[in-house]
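Survey of secondary and tertiary structure
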Amino acid sequence: MAAVRVQSLAGSGMESIPAEFIRPLHERPGANTDGPSVKVPLIDIANLSGTTHQGLREKTIADIGNAASEWGLFQVVNHGTSEELIQRLQGVGKEFFDLPQEEKEKYSNNSAVGIMEGYGTKLAHNIDGKLEWIDYYLHMLWPPSRRDFKTWPRHPSSYIEVNDEYARALLQVVNKLLSALSLYLGVEEHAMKEELGGEDLEMEMKINYYPPCPQPELALGVEPHTDMSSLTLLVPNEVPGLQVHKDGHWVGVEYVPNAIIVHIGDQLEVLSNGKYKSVLHRSVVSKDKVRMSWPVFCTPPPNKIIGPMKDLIHDKNPPLYNAKTYAEFKHRKINKLEQ
Ligand code: OGA
Ligand code: NI
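Residues numbered from 1 in each chain as written. Chains lettered and ligands numbered in written order. Predicted model: local features only at pLDDT ≥ 70, side-chain atom pairs only at ≥ 80, totals over all residues. Heavy atoms only, no water.

1. Brief notes about the pattern of salt bridges
The test is simple: Should a side-chain nitrogen of Lys or Arg be within 4 Å of a carboxyl oxygen of Asp or Glu, the pair is scored as a salt bridge. Numbering of helices and strands runs from the N terminus; a helix is a DSSP stretch of H or I covering at least four residues, while a strand is a stretch of E covering at least two. Three exposure classes are used, based on accessible area relative to the maximum for each residue type with a 1.4 Å probe and protein chains only: buried under 20%, partly exposed in between, and exposed over 50%.
By the definition in use, this model includes 19 salt bridges. One salt bridge in this structure joins Glu189 and Arg57, with 3.8 Å as the shortest N-O distance. One end of the pair, Glu189, is in the loop between helix H5 (159–185) and helix H6 (191–195); the other, Arg57, is in helix H2 (residues 54–70), with 132 residues separating them in the sequence. Residue Asp63 is joined to Lys59 by a salt bridge in which the shortest nitrogen-to-oxygen separation is 2.8 Å. With a gap of four residues between them, Asp63 and Lys59 both fall in helix H2, about one helical turn apart. What makes Asp63 partly exposed here is its relative accessible area of 28%. Each member of the salt-bridge network shares a partner with another, and the members are Arg23, Glu27, Lys122 and Glu223.

2. Here's the deal with the coordination of the nickel ion (ligand 2)
The textbook angles at a metal center are 109.5 degrees for a tetrahedron of four donors and 90 or 180 degrees for an octahedron of six. So the rule is basically this: In this analysis a donor is any N, O or S atom within 2.8 Å of a metal ion (3.2 Å for sodium, potassium and calcium), and since water is not included, sites may seem incomplete.
Every protein donor of the nickel ion (ligand 2) is listed here as His225 (NE2), Asp227 (OD) and His281 (NE2), and their distances to the metal cover 2.1 to 2.2 Å. In primary sequence terms, the donor set of the nickel ion (ligand 2) follows H-x1-D-x53-H. Here Asp227 is found in the loop between strand S6 (222–225) and strand S7 (231–236), whereas its partner His281 is found in strand S11 (residues 281–283), with 54 residues between them in sequence. Judged by its relative accessible area of 6%, Asp227 is buried.

3. What about the packing of aromatic side chains?
Rules: Put simply, two rings from Phe, Tyr or Trp (the six-membered ring, in Trp's case) pair if the centres are within 6.5 Å, and we call them stacked under 30 degrees between planes, edge-to-face over 60, tilted for the rest. Whether a charge sits over a ring comes down to the Lys NZ or Arg CZ being within 6 Å of the ring centre and within 35 degrees of the ring normal.
Applying the stated criterion across every chain, the model contains 11 aromatic pairs. When the centroid spacing of 5.9 Å and the interplanar angle of 75° are considered together, the rings of Phe96 and Tyr119 count as edge-to-face. Residue Phe96 is found in helix H3 (residues 83–97), and its partner Tyr119 is found in strand S3 (residues 118–121); the two are separated by 23 residues along the sequence. A relative accessible area of 0% means that Tyr119 is categorised as buried. Between Phe97 and Tyr209 the ring centres are 4.8 Å apart and the planes differ by 10°, which places this aromatic pair in the stacked class. Here the residue Phe97 occupies a position in helix H3, and Tyr209 occupies one in strand S5 (residues 202–210), the gap between them amounting to 112 residues. For Phe97, a relative accessible area of 0% translates into the label buried. Residue classification places Tyr209 among the buried positions, given a relative accessible area of 7%. Here Lys206 stacks its cationic end above the ring of Tyr136, 5.6 Å away from the centre of that ring. The positively charged end of Lys246 is found above the aromatic ring belonging to Trp71, 4.9 Å away from the centroid.

4. Brief notes about H5
Quick reminder: α-helices carry 3.6 residues per turn. Residues three or four places apart thus point the same way. Let me state the cut-off plainly: An expected span of 1.5 Å times one less than the residue number is assigned to each helix.
Compared with an ideal rise of 1.5 Å per residue, which puts 27 residues at 39 Å, H5 spans 38 Å between its outermost C-alpha atoms and is within 8% of the ideal. Phi turns positive one or two residues past the end of H5, at Gly186, with a value near 85°.

5. Remarks on the packing of H3 against H5
Condition: Convention adopted: a line fitted to C-alpha atoms gives each axis, helices being fitted over their contacting stretch, and angles between N-to-C directions are expressed from 0 to 180 degrees. In these notes the angle categories are as follows: under 35 degrees is roughly parallel, over 145 is roughly antiparallel, 65 to 115 is roughly perpendicular, and the rest is oblique. A clockwise turn of the near helix away from the far one marks a right-handed crossing, whereas an anticlockwise turn of less than a right angle marks a left-handed crossing. We call two residues contacting when some pair of their heavy atoms lies within 4.5 Å. Note on residue categories: nonpolar means Ala, Val, Leu, Ile, Met, Phe, Trp, Tyr, Cys or Pro, charged means Asp, Glu, Lys or Arg, and polar means any other residue, Gly included.
Where H3 contacts H5, the two axes come as close as 9 Å, and the packing angle between them is 140°. Taken together, the axes of H3 and H5 lie oblique to each other. In this structure, H3 crosses over H5, and the sense of that crossing is left-handed. Mapping the contact onto sequence places Leu85, Ile86, Arg88, Leu89, Val92 and Gly93 in H3 and Tyr159, Val162, Asn163, Glu165, Tyr166 and Ala169 in H5. Here the contact of H3 with H5 is composed, by residue class, of eight nonpolar, two polar and two charged.

6. Here's the deal with the site of ligand 1
Condition: Any residue with a non-hydrogen atom lying within 4 Å of a molecule or strand is treated as near it. Counted as a polar contact is a pair of N or O atoms within 3.5 Å, where, for protein atoms, one must be capable of donating a hydrogen and the other of accepting one, and residues adjacent in sequence contribute only when both atoms are in side chains. Here the open area of atoms and residues is found with the Shrake-Rupley method and a 1.4 Å probe, where only the protein chains shown may cover a residue.
In the region of ligand 1, the neighbouring residues are Lys206, Asn208, Tyr210, His225, Asp227, Leu234, Leu242, His281, Arg291, Ser293, Pro295 and Phe297. Contacts to ligand 1 include Asp227, whose side-chain N or O atom sits 3.4 Å from an oxygen atom. Take His281: an N or O atom from its side chain is 2.9 Å from an oxygen atom of ligand 1. For ligand 1, whose accessible area on its own is 290 Å², the fraction buried by protein is 97%. Those elements that provide at least two residues to the shell around ligand 1 are S5 and strand S12 (291–299). At four residues, the largest contribution of residues to the shell around ligand 1 is made by S12. For the shell around ligand 1, a count of residues per class yields five nonpolar, four polar and three charged.

Next up, the structure:
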């Protein structure tokens, strides 16, 4: 049976949302867990390049390390990916979601059997399984040898070219961030990148499409979760909605034009032996606007074993996590097994 797309539901003119989308009271946006108006760290990373004054570089590395330890989420500007490229990326993604529904269905994934690549919508797995107000598209982005263009949108025709360009630009940002995150921990600059597979590091592109929701105060776009990735780099459109859990409160992430939002994911928490925090986050939806976001999940290759980095472990810092392959980690997380 074909999944019911949230975009189609939203377009049908309903005034109240189906019961499966209604969250329990304590989960609803606007419940008393909403936080004070603090802002997530915003970091200018222009000074990470080797040519700048050493003191400025060290200050930037410390800002990144502190944000990764205290928040697990921060935004970066002056990251070297042009505004024009980000606009093109968003343009081709939006064009896909603006296609007629039957065109999009040609790319349907098979999430019921665990094949997540392609166009998808969450299916309720059990009687009280709640649904999320979101449709998405997922495909492998990097490395080139792991891409299968059959699973990518073929419309618009520039989709592949634009995403390839974005992947190459984003990889530079990932490299800079992993270097800074390594140096802050006192390990060799390339240590984290190597732990994550070096040149085999993988990137997956997700396009999130959150249609307008007639009752946004009752629903969630994505429910609270941490990302399984090492880092997630996300560019949103201008409609706010991402929230991060900080000191027991949900804090909204402000829209900063041309910034990239960086999440610390589970693999960096493990590698850093808990120093960096895989951040709990969720998204809320809007009554009259389409929200879209483009997270890229940077992950180790499936067979790479990830555990606390050896150089960090000593008598006073014993390992807090079991080492295992990324594939095993993923399997356990999806099936809610102990890690
Ligand atoms: C995700 C996610 C947040 C957003 O897709 O993993 O957390 O802002 N998205 O869309
Ligand atoms: Ni996420």
